[in-house]
Amino acid sequence: MKILIDRFNGVDKFVQAYDLSIDEVKGKTLLALLQHIKRTQDISLNFTSACRMAICGACGVRVNGHSYLACDTKMDDLLIEYDNPESLKISPLANFKVLSDLVVDWEPSIENLRKIKPTITPKEAFSDKKGCVQTQAEVDAIKKQWDCILCGCCASECNKLEADSSDYMEPFVFTHAFRAAYDSRSKDALKHLKPSIANGLWMCVHCQECADRCPKGISAADDIAMLRVMAMKKGLKDGTGPAHAEAFLKDLEDTGRLNEIYLALRSEGVLANTTKIDIAYNLMKAGKMNPLHIFGDEEIEGHEDLVKMIEAARAANKE
Ligand code: FES
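Just so you know, the residues in each chain are numbered from 1, in the order the chain's sequence is written. Local features in this predicted model are restricted to residues whose pLDDT is 70 or higher, and side-chain atom pairs enter the listing and the counts only when it is 80 or higher, whereas totals over whole chains, interfaces and linings include all residues. The basis for every side-chain value is the complete set of non-hydrogen atoms in the structure, without hydrogens or water.

### Re the overall build of the chain
Heads up, the condition is: Counting from the N terminus, the helices are the DSSP runs of H or I reaching at least four residues and the strands are the DSSP runs of E reaching at least two. We call a residue buried when its accessible area falls under 20% of the maximum for its residue type, exposed when it is over 50%, and partly exposed in between, using a 1.4 Å probe and counting protein chains only. Note on contacts: a residue pair is in contact if any heavy atoms of the two residues lie within 4.5 Å. Shrake-Rupley sampling with a 1.4 Å probe provides the accessible areas, and residues are treated as covered by the protein chains on show and by no other component. Two residue types count as positive, namely Lys and Arg, and two as negative, namely Asp and Glu; His and chain ends fall outside the count. Charge positions are represented by NZ for Lys, CZ for Arg, CG for Asp and CD for Glu.
Helix and strand counts for the chain come out as 15 helices and seven strands. Each principal axis of the C-alpha distribution contributes one length, and for the chain these read about 70 × 65 × 40 Å. When burial is assessed residue by residue, the chain has 39% of its 319 residues classed as buried. The contacts of the chain with a sequence gap of at least 6 include a subset with a gap of at least 24, amounting to 65%. A total of about 17,600 Å² of accessible surface is found on the chain, and carbon and sulfur atoms cover 55% of it. Both charge centroids of the chain, one from 41 positive and one from 48 negative side chains, sit 6 Å from each other.

### A short note on unusual backbone geometry
The backbone phi angle of aspartate 83 is positive, close to 60°, even though this residue is not glycine. Here aspartate 83 is to be found in the loop between α3 (75-81) and β5 (87-91). Judged by relative accessible area, aspartate 83 falls into the exposed class, the value being 65%.

### Digging into the side chain of arginine 7
Put simply, the test is: In the analysis that follows, any N or O atom pair within 3.5 Å is treated as a polar contact, provided that within protein one partner can donate a hydrogen and the other can accept it, and provided that, for residues neighboring in sequence, both atoms belong to side chains.
Position of arginine 7 among the secondary structure elements: in strand β1 (residues 2-8). On the accessibility criterion, arginine 7 (7% relative accessible area) is buried. For arginine 7, the side chain forms a polar contact with the side chain of tyrosine 18, separated by 2.8 Å. Within the structure, the side chain of arginine 7 is placed 2.9 Å from the side chain of aspartate 101, a separation counted as a polar contact. For arginine 7, the contacting residues outside a window of four places in its chain are Asp12, Lys13, Phe14, Gln16, Tyr18, Asp42, Ser44, Leu45 and Asp101.

### Overview of the pairing of strand β2 (residues 13-19)
Put simply, the rule is: Here, a strand pair is defined by DSSP locating no fewer than two bridges between the strands.
By the bridge criterion, seven bridges tie β1 to β2 in an arrangement that is antiparallel. Its bridge partner being in β2, lysine 2 is matched across the sheet by aspartate 19. Two successive antiparallel strands, β1 and β2, enclose a turn made up of four residues, where glycine 10 displays a positive phi of approximately 100°.

### Regarding the environment of aspartate 238
In this fold, aspartate 238 is placed in the loop between α11 (220-233) and α12 (240-254). For aspartate 238 and isoleucine 197, which are 41 residues apart along the polypeptide, the C-alpha to C-alpha distance reads 9.6 Å.

### Observations concerning the environment of alanine 54
When you line up the elements, alanine 54 lands in the loop between α2 (30-40) and β3 (60-63). Counting along the chain gives 161 residues from alanine 54 to proline 215, while the straight-line C-alpha distance between them is 8.6 Å. When neighbours within four sequence positions are excluded, alanine 54 is seen to be in contact with Leu69, Cys71, Asp72, Ile149 and Lys216.

### Structural notes on the domain arrangement of the chain
To keep things clear, this is the line we draw: Here the bounds of each domain stem from an automatic or database domain assignment.
Each assigned domain of the chain is listed here: domain 1 (2-103), domain 2 (106-233) and domain 3 (240-318). The straight-line distance from the C-alpha centre of domain 2 to that of domain 3 is 29 Å.

### Comments concerning the packing of helix α4 (residues 107-115) against helix α8 (residues 171-181)
Using the following cut-off: Axis angles are defined between N-to-C directions and span 0 to 180 degrees, where every axis is a line fitted to C-alpha atoms and, for a helix, only to the segment in contact. For classification, angles of less than 35 degrees are called roughly parallel, those exceeding 145 degrees roughly antiparallel, those between 65 and 115 degrees roughly perpendicular, and all remaining angles oblique. The crossing is said to be left-handed when, going from far helix to near helix, the turn is anticlockwise and less than a right angle, and right-handed when the turn is clockwise. All amino acids are sorted into three groups, where Ala, Val, Leu, Ile, Met, Phe, Trp, Tyr, Cys and Pro are nonpolar, Asp, Glu, Lys and Arg are charged, and the leftover types, Gly among them, are polar.
Contact geometry for α4 and α8: axes closest at 9 Å, N-to-C directions at 25°. With respect to their mutual orientation, α4 and α8 come out roughly parallel. Note on packing geometry: the crossing formed by α4 with α8 is right-handed. Residues Ser109, Asn112 and Leu113 of α4 form the contact with α8, whose participating residues are Phe172, Val173 and His176. Partitioned by chemical class, the residues of the contact of α4 with α8 number three nonpolar, three polar and no charged.

### Quick notes on the environment of cysteine 151
Examined against the element boundaries, cysteine 151 turns out to sit in the loop between α5 (136-143) and α6 (153-157). For the pair cysteine 151 and alanine 181, spaced 30 residues apart in sequence, the C-alpha separation works out to 22 Å. Beyond its immediate chain neighbours, meaning those up to four positions away, cysteine 151 contacts Gly57, Gly60, Leu69, Leu93, Trp106 and Pro215.

Here it is, written out as C-alpha cells:
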C-alpha cells in the first residue's frame, strides 16, 4: 500500500508517497511505521516521539485528517477503520505551525498555558498541620484532567481554532484551567478563570471534536462548560457569551423553542443587531428565522416537563 506523508522542508510543502508491502504495515503501531519508513526508505523524514507508551504526548499526528497519538495507534486498527484502503495520508497536527514534516511548533501553545497559570496557590500553608487534605470526591472531580499529556490532538480537531485562532486558546489549555480552578486546595480559582474568560472561554462552538479525539478520553468541551458555570456563579457575566447563555435558557423556560430574533437581541443588544440586518435576511431566506416570532412563539409539546427538568437541575446545582 501507499503511505502518503505531508512533508515540509522549511521552504516547500509537498506530499511524498512511500510504497510498503502490507506485511510491513500490519502488526505495527503508527509510530513504529513512521520509524520503519525513516529507517528503510527516507532518513530525512522528521517526526517527534519520546516515551513510545502514551505518556509524553510528543507523537500526535493526523491520519486522513483525524488526529491520533501515533505510539498508541495500531496500524491494524487503522486498516479496519478506513476499510483496508490502498493508501493512508499522514499529516502534521492541524492548527499548529509546521516546522518540518510532521513536527509542529508548540511555543505559542505553551505561552497560552502560561496565561492561565496552571499551578495552584494552596489555601492552607503546607506547614499547617492540616495541610491541603482532599476528600476522594474532591480528587475525583479533577482526576481525569490530570491525564492530559499535551499531545495536541484536541487542538488539531478544534473547529474554532481552524476558523479563527486570534481570540481563542487550544482546548487542552481550558482543561488545565479547569483542573486548577476546580482543585479544592486552590486558594484562588479566579487566577485561572479570569485569563480563561479573557482568552476565549465563551468562543467554543460546541462541536465536541476535541472530546471525540482525545486519546485519554478527556472532554475539553465539558471542562469549558464547567468553567463557564463557575464564571456565572462568581458573577463574571460581562460580554455576549453569558448573555447568550441566559437568553438561551430563557427561551427554553418560556416555550422550549429557540426564538432566533430574541436570542440575537438579548445576546448582543438592539444596537449591535442593527448592523446585522443582512444576516437576519439570509436567516429568514433559509427558513432559520421567522419574522412573525417577534410576537412570540408556540410552546413545544411537553414544555411543562422541560421546565420541571430545568427546575430540578437548578435545585441540584444549589445543593
Ligand atoms: S511517544 Fe510519547 S506519547 Fe507517543
